[in-house]
2 protein chains.
Amino acid sequence: MLGLMQEWPLTVDKIIDHAKTNFPRREVVTRSTEGPITRSNYAAVWENAKRATNAFRARGVASGDRVGTLAWTTDRHMEIWYGAMNMGAVLHTVNPRLFPEQIAWIINHAEDKILFLDTTFIPIVEKIAPLLKTVTTFVLLSDRAQAPAGAIPHFVAYDAFLHGHSTDAAWGGFDEHTAAGLCYTSGTTGDPKGVLYSHRSNVLHAMMANQTDGFGCGAQDAVMPIAPMFHANAWAITFVAPMCGAKLVMPGPKLDGANLYELIEGEGVTFIAGVPTVQLALLNHVRDNGLKFSTLRRVAIGGSAIPEAVLRAYEDDYGVEVIHAWGMTEMSPIGTFGKPHPEHVKLGHDDRIKAKLKQGRAPFGVELKITDDDGNLKPHDGKAFGRLMVRGPAVARAYFKNAGAKNDKGECLEPCGFFDTGDVATIDELGVMQITDRAKDVIKSGGEWISSIDIENIAMGADGVACAAVIGVYHPKWDERPLLIVEPKSGAHPTRERMLAVLDGKIAKWWMPDDVVFVEKIPLGATGKINKLALREMFKNYQLPTTQAAE
Amino acid sequence: MLGLMQEWPLTVDKIIDHAKTNFPRREVVTRSTEGPITRSNYAAVWENAKRATNAFRARGVASGDRVGTLAWTTDRHMEIWYGAMNMGAVLHTVNPRLFPEQIAWIINHAEDKILFLDTTFIPIVEKIAPLLKTVTTFVLLSDRAQAPAGAIPHFVAYDAFLHGHSTDAAWGGFDEHTAAGLCYTSGTTGDPKGVLYSHRSNVLHAMMANQTDGFGCGAQDAVMPIAPMFHANAWAITFVAPMCGAKLVMPGPKLDGANLYELIEGEGVTFIAGVPTVQLALLNHVRDNGLKFSTLRRVAIGGSAIPEAVLRAYEDDYGVEVIHAWGMTEMSPIGTFGKPHPEHVKLGHDDRIKAKLKQGRAPFGVELKITDDDGNLKPHDGKAFGRLMVRGPAVARAYFKNAGAKNDKGECLEPCGFFDTGDVATIDELGVMQITDRAKDVIKSGGEWISSIDIENIAMGADGVACAAVIGVYHPKWDERPLLIVEPKSGAHPTRERMLAVLDGKIAKWWMPDDVVFVEKIPLGATGKINKLALREMFKNYQLPTTQAAE
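Residues numbered from 1 in each chain as written. Chains lettered and ligands numbered in written order. Predicted model: local features only at pLDDT ≥ 70, side-chain atom pairs only at ≥ 80, totals over all residues. Heavy atoms only, no water.

1. Examining the domain arrangement of chain A
All names here are of chain A. Domain assignment breaks chain A into domain 1 (13–342), domain 2 (366–438) and domain 3 (442–550). Between the C-alpha centres of domain 2 and domain 3 there is a distance of 27 Å. Residue-level contacts link ten residues of domain 2 with nine residues of domain 3. Here domain 2 packs against domain 3, burying approximately 710 Å² in sum over the two surfaces, 59% of which is carbon and sulfur. Across the domain 2-domain 3 interface, the total number found is one salt bridge. The partner of aspartate 373 in a salt bridge is lysine 444, and the shortest N-O contact between them spans 2.7 Å. The interface formed by domain 2 and domain 3 includes four residue pairs in polar contact (both at pLDDT 80 or more). Counting only elements with at least two residues in the side of domain 2 that touches domain 3, the list comes to β17 (385–391) and β19 (433–438). Residue classes in the side of domain 2 that touches domain 3 are distributed as two nonpolar, three polar and five charged. (Domains from an automatic or database assignment. Contact = heavy atoms within 4.5 Å. Buried area = accessible area lost by both parts, 1.4 Å probe. Salt bridge = Lys/Arg side-chain N within 4 Å of Asp/Glu carboxyl O. Polar contact = N/O pair within 3.5 Å; in protein donor to acceptor, adjacent residues only side chain to side chain. Helix = DSSP H or I, 4+ residues; strand = E, 2+ residues; numbered from the N terminus. Nonpolar A, V, L, I, M, F, W, Y, C, P; charged D, E, K, R; others polar.)

2. Digging into the pattern of salt bridges
All told, the structure shown has 72 salt bridges over all chains when counted by the stated rule. A salt bridge links arginine 39 of chain B to glutamate 267 of chain B; the shortest N-O distance between them is 2.7 Å. Separated by 228 residues along the polypeptide, arginine 39 of chain B in strand β2 (residues 37–41) and glutamate 267 of chain B in helix α9 (residues 257–267) bring together distant segments of the chain. The buried category is assigned to glutamate 267 of chain B, whose relative accessible area is 11%. A salt bridge links arginine 397 of chain B to glutamate 411 of chain B; the nearest nitrogen and oxygen atoms lie 3.8 Å apart. Of this pair, arginine 397 of chain B sits in the loop between β17 (385–391) and β18 (419–427) while glutamate 411 of chain B sits in the loop between β17 and β18, and the two are 14 residues apart along the sequence. Arginine 397 of chain B gets classed as partly exposed once you look at its relative accessible area, which sits at 23%. Overlapping salt bridges, with partners in common, bring together Glu27, Arg39, Lys247 and Glu267 of chain A in one network. (Buried < 20%, exposed > 50% of the residue type's maximum accessible area, 1.4 Å probe, protein only.)

3. Structural notes on the state of the cysteines
Per the stated rule, a full pass over the model turns up zero disulfides over all chains. With no disulfide of its own, cysteine 217 of chain A has cysteine 244 of chain A as its nearest cysteine by sulfur position, at a separation of 5.6 Å. You can see cysteine 183 of chain B has no disulfide; the closest cysteine sulfur is in cysteine 412 of chain B, sitting 14 Å from it. Since its relative accessible area comes to 3%, cysteine 183 of chain B is described here as buried. (Disulfide = S-S within 2.5 Å.)

4. As for the sheet that holds strand β4 (residues 90–93) of chain A
Residues and elements named next belong to chain A. Read across the open sheet, the seven strands follow the order β7-β6-β5-β3-β4-β8-β9; overall the sheet is mixed. One side of each edge strand has no neighbouring strand; the edge strands of this open sheet are β7 (155–157) and β9 (193–198). Between one strand axis and the next, the sheet turns by 25 degrees as a mean value, whatever way the strands run. Sheet topology note: the strand β6 (residues 137–140)/β7 ladder contains three bridges and is parallel. Its bridge partner being in β7, valine 139 is matched across the sheet by valine 156. Contacting β3 (66–70), β4, β5 (112–117) and β8 (179–185), helix α4 (residues 100–110) runs over the sheet at an angle of about 150 degrees to β8. (Pairing = 2+ DSSP bridges. Axes fitted to C-alpha atoms, helices over the stretch in contact; angles between N-to-C directions.)

5. Section: the nonpolar core
In terms of nonpolar packing, the biggest core is built from 187 residues, with Phe56 and Phe215 of chain A together with Phe56 and Phe215 of chain B touching the most fellow members. When residues no more than four places from it in sequence are discounted, the contact partners of phenylalanine 215 of chain B are Ala209, Asn210, Trp235, Ile237, Val240, Phe271, Arg298, Ala300, Ile323, Ile334 and Phe337 of chain B. (Core = buried A, V, L, I, M, F, W, Y, C linked by side-chain atoms within 4.5 Å.)

6. Side note on the interface of chain B and chain A
Counting from both sides, the interface comprises 79 residues of chain B and, opposite them, 79 residues of chain A. One can count six salt bridges joining chain B with chain A. Here arginine 200 of chain B makes a salt bridge to glutamate 176 of chain A, at a shortest N to O gap of 2.8 Å. Between chain B and chain A we count 42 residue pairs in polar contact (both at pLDDT 80 or more) in total. Those elements that place two or more of their residues in the side of chain B that touches chain A are α1 (13–22), β9 (193–198), α7 (199–209), α8 (237–244) and β17 of chain B.

7. As for helix α8 (residues 237–244) of chain A
Residue and element names in this part refer to chain A. For α8, the tally of buried residues reaches eight of eight residues, placing the bulk of the element in the interior. Those residues of α8 that sit buried are Ile237, Thr238, Phe239, Val240, Ala241, Pro242, Met243 and Cys244. Immediately beyond the C-terminal end of α8, within one or two residues, lies glycine 245, with a positive phi of roughly 85 degrees.

8. Description of the packing of aromatic side chains
In total, this model carries 38 aromatic pairs over all chains according to the counting rule given. Look at phenylalanine 116 of chain A and phenylalanine 161 of chain A: their rings are 5.3 Å apart centre to centre, the planes differ by 90 degrees, and that puts the pair in the edge-to-face class. Of this pair, phenylalanine 116 of chain A sits in strand β5 while phenylalanine 161 of chain A sits in helix α6 (residues 158–162), and the two are 45 residues apart along the sequence. Accessibility classification places phenylalanine 116 of chain A together with phenylalanine 161 of chain A in one group, the buried group. Geometrically, the ring pair formed by phenylalanine 364 of chain A and tryptophan 8 of chain B is edge-to-face, given 5.7 Å between the ring centres and 70 degrees between the ring planes. Placement of phenylalanine 364 of chain A in the loop between α12 (349–357) and β16 (367–371) and of tryptophan 8 of chain B in the segment before α1 is noted, with the two residues assigned to different chains. The two residues phenylalanine 364 of chain A and tryptophan 8 of chain B agree in class, both being buried. The structure contains a cluster of three or more aromatic residues connected by ring pairs, namely Phe56, Phe116, Tyr158 and Phe161 of chain A. When the ring centre of tyrosine 399 of chain A is taken as reference, the NZ or CZ atom of lysine 193 of chain A above it lies at 5.3 Å. Against the face of phenylalanine 418 of chain A rests lysine 369 of chain A, its NZ or CZ located 4.2 Å from the ring centre. (Phe/Tyr/Trp six-rings, centres within 6.5 Å; stacked < 30°, edge-to-face > 60°. Lys NZ or Arg CZ within 6 Å of the ring centre and 35° of its normal.)

9. Things to note about the packing of helix α9 (residues 257–267) of chain A against helix α10 (residues 276–288) of chain A
Residue and element names in this part refer to chain A. One way to put it is that α9 packs onto α10 with a least axis distance of 8 Å and a crossing angle of 80 degrees. Relative to α10, the element α9 lies roughly perpendicular. Residue-level contacts link Gly257, Ala258, Leu260, Tyr261 and Ile264 of α9 to Ala281, Leu282, His285 and Val286 of α10. Split into classes, the residues belonging to the contact of α9 with α10 amount to seven nonpolar, two polar and no charged. (Parallel < 35°, antiparallel > 145°, perpendicular 65-115°, else oblique.)

10. With respect to the sheet that holds strand β15 (residues 334–337) of chain A
All names here are of chain A. Spatially, eight strands are ordered β2-β1-β11-β10-β12-β13-β14-β15 in an open sheet, and the strand pairing comes out mixed. The open sheet has two edge strands, β2 (37–41) and β15, and neither has a second partner. Neighbour-to-neighbour, the strand axes of the sheet open up by a mean angle of 20 degrees, direction not taken into account. Judged from the four bridges that link them, strand β12 (residues 271–274) and strand β13 (residues 298–301) form a sheet pairing that is parallel. Looking at β13, one finds that isoleucine 272 is bridged to valine 299.

11. Side note on the relation of the copies chain B and chain A
Each copy of the sequence occupies a distinct position, and chain B is placed on chain A by a rotation of 180 degrees and an axial shift of 0.0 Å, giving an RMSD of 0.1 Å. What the superposition gives is, in effect, a two-fold axis relating one chain to the other. When you check the interface residues of chain B against chain A, 100% turn up at the interface there too, and the contact is symmetric in its surfaces. (Least-squares fit on C-alpha atoms with pLDDT ≥ 70 in both.)

12. Describing the side chain of threonine 11 of chain A
Residue and element names in this part refer to chain A. Position of threonine 11 relative to the elements: it lies in the segment before α1 (13–22). For threonine 11, a relative accessible area of 1% corresponds to the buried category. Other than its neighbours up to four places away in sequence, threonine 11 contacts Phe174, Glu176, His199 and Val203.

13. With respect to the pairing of β17 of chain A
Two faces belong to every sheet, and in a regular strand the side chains alternate between them. Residue and element names in this part refer to chain A. Among the seven residues that make up β17, five are buried, leaving the element largely enclosed by the rest of the structure. Both β16 and β17 contribute to a ladder of five bridges, which runs antiparallel. Looking at β17, one finds that glutamate 367 is bridged to arginine 391.

14. Notes on the environment of leucine 357 of chain A
Residue and element names in this part refer to chain A. Checked against the element boundaries, leucine 357 lands in helix α12. According to the relative accessible area criterion, leucine 357 is buried, its value standing at 19%. As for leucine 357 and glutamine 434, which are separated by 77 residues in sequence, their C-alpha atoms are 8.4 Å apart. Setting aside its immediate chain neighbours within four residues, leucine 357 contacts Ile306, Pro307, Glu308, Leu311 and His324.

15. Considering the packing of helix α3 (residues 75–85) of chain B against α8 of chain B
Residues and elements named next belong to chain B. Following both chains from N to C, one finds α3 and α8 inclined at 85 degrees, their axes separated by 12 Å at the closest point. Of the possible angle classes, the one that applies to α3 and α8 is roughly perpendicular. Of the residues in α8, those in contact with Met78, Trp81, Tyr82 and Met85 of α3 are Thr238, Phe239 and Pro242. In the contact of α3 with α8, the residues fall into six nonpolar, one polar and no charged.

Shown next as structure tokens:
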């Protein structure tokens, strides 16, 4: 028997409608790409989004068509965002930090019909325009007067794009499973894969993310997403803010400490969200200039693990609550929040800080489990670690055009129906999850797993060490054994013996690296993380001293 | 094109699963019907809910079958609640405050197969058992040892009902539109009508209700629903608390000030929710005994308009934030929250109190509009009033068995697809809604509407007035004109002239009552509200002094 409640499809047009009805004058403030801070509000964003829908329809964009953006976090980006999604078209945010060839590949793969770009990205688009096979119109997100001439074909300025279109346009009215957004995730190997969000997943994800123990934003808040809109939907904040009526402050292209601080203080920002590197830049600016935060109360940090110094600086020095968040593009992106568990509130200060460094617990709408390589469940005891699997209404089931399919339905799911995050983690009896490694970096020794990150963290703390990495190296008896690779600080000379002594007693005996090697420079990837692929290549024929005994 | 996110039906089994996984030891504390305070937790509630599912299946209860409860807010009630819903059966909470004949009618209409009852309600069930046509088993929510003998047939005690059943039972896995709960609403006329909630509506409603500007509860909270589970799902709190991991304190049968206060202080309650009358009783107890609240921070008040004294006592005297809530059974029940609009935060104290007395703004997931009798939209200007219409995923589309159908699809909706609340309200340009009257109490004078409540509120404040009511009385020229009916305080003698003088200048000239009559006692309904139906009957032939001039 079915219930008798109303049909009310979860489509994102209702989010901006809600803001327009209830918070028409609530401000949307932008550091524009041209430089000046500009002021809009939800009613005006709604109106331009309506105009954008009409402009799309006039240019032949239909439901299901993709519209690409190479753009910063601005009010104009938000207008196109809702203008496209609300008519059933797919808003495809392209990450401008990729190589131009990758950008061209992604736009062609997505078959974007229109490409919006900020002036910042004119040089990229001039370069790739000849490669783009499906883009019929390029729209520069700038006024006509300021639009620079360039080698971009079929070019139109944003005000000309909207000009003459009415604010009367039909939105929504379709299946809530309709595609709304597309975001490519670039793994370390293979082509980028597109995550195709639905209206339903976006709405549910925003409601999940903004629960009290998540972002916890209300109408009194002024929120600033530092994570860009091309970084997994600005972590849902462009949905969350209009949904709850918060003032929205959009930092545009300038993500340095001084510019972020100016917006925070000038606009009374109470909540920000961004990766550790921008947080560090902001904190350095504040510390170096003897400033303080007068309105900021909460900061969500994710994208990579929070350095303890960043956590302590916000909480201890500035009284700003840190919300550790973990997730990934395939999760819309929120997976967990590091809010203290009720059983942890009585911990001492240092233990609470330590607890907060874990990735945290899943909000309602995210299920977590850990398994071994055969899919068997590992216990939630805070010690056993396994492949982290996730399930929920805002988790990917398949990639665009069935890329990376793992079954004959084109899905990217494990046989158990969960999505494999590629991370290795522990989960404790209170559901608190901690990432211990990337699955591909785990060292498999005699059928047991050794976490490279645990060893690295200890080794990095040793005197004279600039950087340290642990990789698995072939061993005839154990299959793999750990090799510790150390980059000494300039002028320092750490030794094999000292490094092993530092680890001794802090890790299990059988986790002890079989050898230590010193290199001038540990290779880093584009995002500043250790490039283990390169290290594994460098040491693929390395002979561990322990192999002879085994052979 | 559809998105590629996971299917994850919104079913309520996931709520209690979430609590069991992440908050297994979080307490569920109950003032038991037997008297003592009992302590359980989400893991134990989950286990007994699993046992209950197996017990239901063993007794032939299948998906779609109804299970009735005549029960207070307790952990056992919650176990049956999830045990029934999670297998696709329908949990039907019966309001024990109705007349026994109404209760029997409702249970027969719902065709409940099993009826659970607290010991409190043995006398009612003894009386109505012979009338019940579908109930095959009566389960007393008490231990076997304490179960009193009575004239109830097919009787089993709760521990015997669960006994021997395993905690391994399949839950969920069905369409999220599946019916989950049934709650009858008793209008002033006609038979009670059943609202049939779905899993989807319950899950979405809980997520909507618990946003920051709503209940705003997190895992650190200890919440106590004073509104009983038979009163529109305890305002969703039996869903909200396990969803966010809050400690749940259930007051059972004792809703007086002393018992509620003991639980609040003894259990560290931070959030309570209930109607104005219980709030008043609680406040009186606290004031009369010179007590204070040491942990209580927020209180949601709804069900009827908040008296200003209750609002001021909580906020001014005790520093407890009041969240004015408005809704109805057909809305699951939340319609609006009276949290301050960001444009109102700079108001002075008295103006903010005044703003809070309005019913407030809709959370995302509720749409409001006001219309005239012909369905034409009235402006959102805070002045125009009209019939309040609502739409959303947790609003009723039809009543059980198509009672009160307004169209040939059996729906109870207006032609515009909205549900008519039966209230008359204003909505301002910021979406803030204020109820001005019940639609049937509005006086229609020459095609224009006069709000009875506005006039009554002023008249009630006059010296010597115990109670005042305004009804529409036939008028040959204007169709209806207002008649003011006054119940003087004992020993007081307000006059017609004085009453009209009190109103003069405070309402529009054409709203002035055409006459004033004095009665010994204004009739009240079962819930303490003025019985206007009885008043209209009393004065149906009343001749206004103004009618002669018109004739």
